[in-house]
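So you can see what is in the structure, the chains are spelled out below.
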Amino acid sequence: MELSNSQLLLKRNVIVKSVVTPRWKEEVQQQLQGQINQIDSQMQQLEIQAQRMVGEIQKQGLQQPGANVKEQMDTVQSQLNQKQRQLLDQKNQILQQLQQVQTLELESEVNTGQIDSFFTVERGDNLVQKMQVEILLRDGFIDEIRGDL
């Protein structure tokens with residue numbers, strides 16, 4: 001792309017929107033459910049790890065009677081509780097998103113992201129208009145490009 005002395009190449013964020021279709025809803029719900037399943041799996045693994053650590057601490061306590069077993073076990077339990085709270089917060093956020101997706105009306109438009117785009121400007125162009133570009137997707141395919149390219 002050759003630019004003249006009176007043109008400038010700039011970068012802008014292009015908003016990507018999707019039309020809510022039955023297929024789109026299903027795909028998003030599957031993605032969110034997958035994230036929920038992953039969090040549930042992480043919580044189970046966390047519980048197993050904590051049980052192992054408690055077992056190791058108890059074993060050390062039997063081998064070394066002077067070791068502060070209760071303090072170590074309290075620390076492990078505190079760390080477990082904190083991580084579980086974080087995972088539960090994430091899960092609750094995803095469940096809220098899942099609920100929001102289920103209530104979206106078909107054919108409505110939702111923001112699904114942003115991508116970068118390069119464009120040229122020259123003297124006399126309306127920069128505000130050139131910055132306002134959107135791509136509308138329908139089931140992953142470009143349905144419409146809105147704004148000044």
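One structure accompanies this document, and this report is about it. Remember, predicted model here, so these are calculated numbers, not experimental data.

Description of the sheet that holds strand 4 (residues 141-146)
Sheet strands associate in pairs through backbone hydrogen bonding, adopting either a parallel or an antiparallel arrangement.
Next up, step 1: With respect to topology, four strands assemble into an open sheet ordered 2-1-3-4, the strand pairing being mixed. Strands at the two margins of the open sheet, each flanked by one partner only, are strand 2 (109-122) and strand 4. When the angles between neighbouring strand axes are averaged without regard to direction, this sheet yields 25 degrees.
Next up, step 2: With 13 bridges connecting them, strand 1 (residues 7-19) and strand 2 associate as antiparallel partners. In the strand pairing of strand 2, Lys11 is matched with Phe118.

A few points about the nonpolar core
Next up, step 1: Core analysis: the biggest nonpolar cluster contains 17 residues, and Trp24, Val28, Leu32, Ile39, Leu87, Ile94 and Val101 have the highest contact counts within it.
Next up, step 2: Those elements that provide at least two residues to this core are helix 1 (22-63) and helix 2 (69-103).
Next up, step 3: Sort the elements by how many residues they give to this core and helix 1 lands first, with nine residues.
Next up, step 4: Counting five residues, the second-largest nonpolar core is a separate cluster that includes Val14, Val16, Val133 and Ile135.

What counts, and where the lines are drawn
- Residues numbered from 1 in each chain as written.
- Predicted model: local features only at pLDDT ≥ 70, side-chain atom pairs only at ≥ 80, totals over all residues.
- Heavy atoms only, no water.
- Pairing = 2+ DSSP bridges.
- Helix = DSSP H or I, 4+ residues; strand = E, 2+ residues; numbered from the N terminus.
- Axes fitted to C-alpha atoms, helices over the stretch in contact; angles between N-to-C directions.
- Core = buried A, V, L, I, M, F, W, Y, C linked by side-chain atoms within 4.5 Å.
- Buried < 20%, exposed > 50% of the residue type's maximum accessible area, 1.4 Å probe, protein only.

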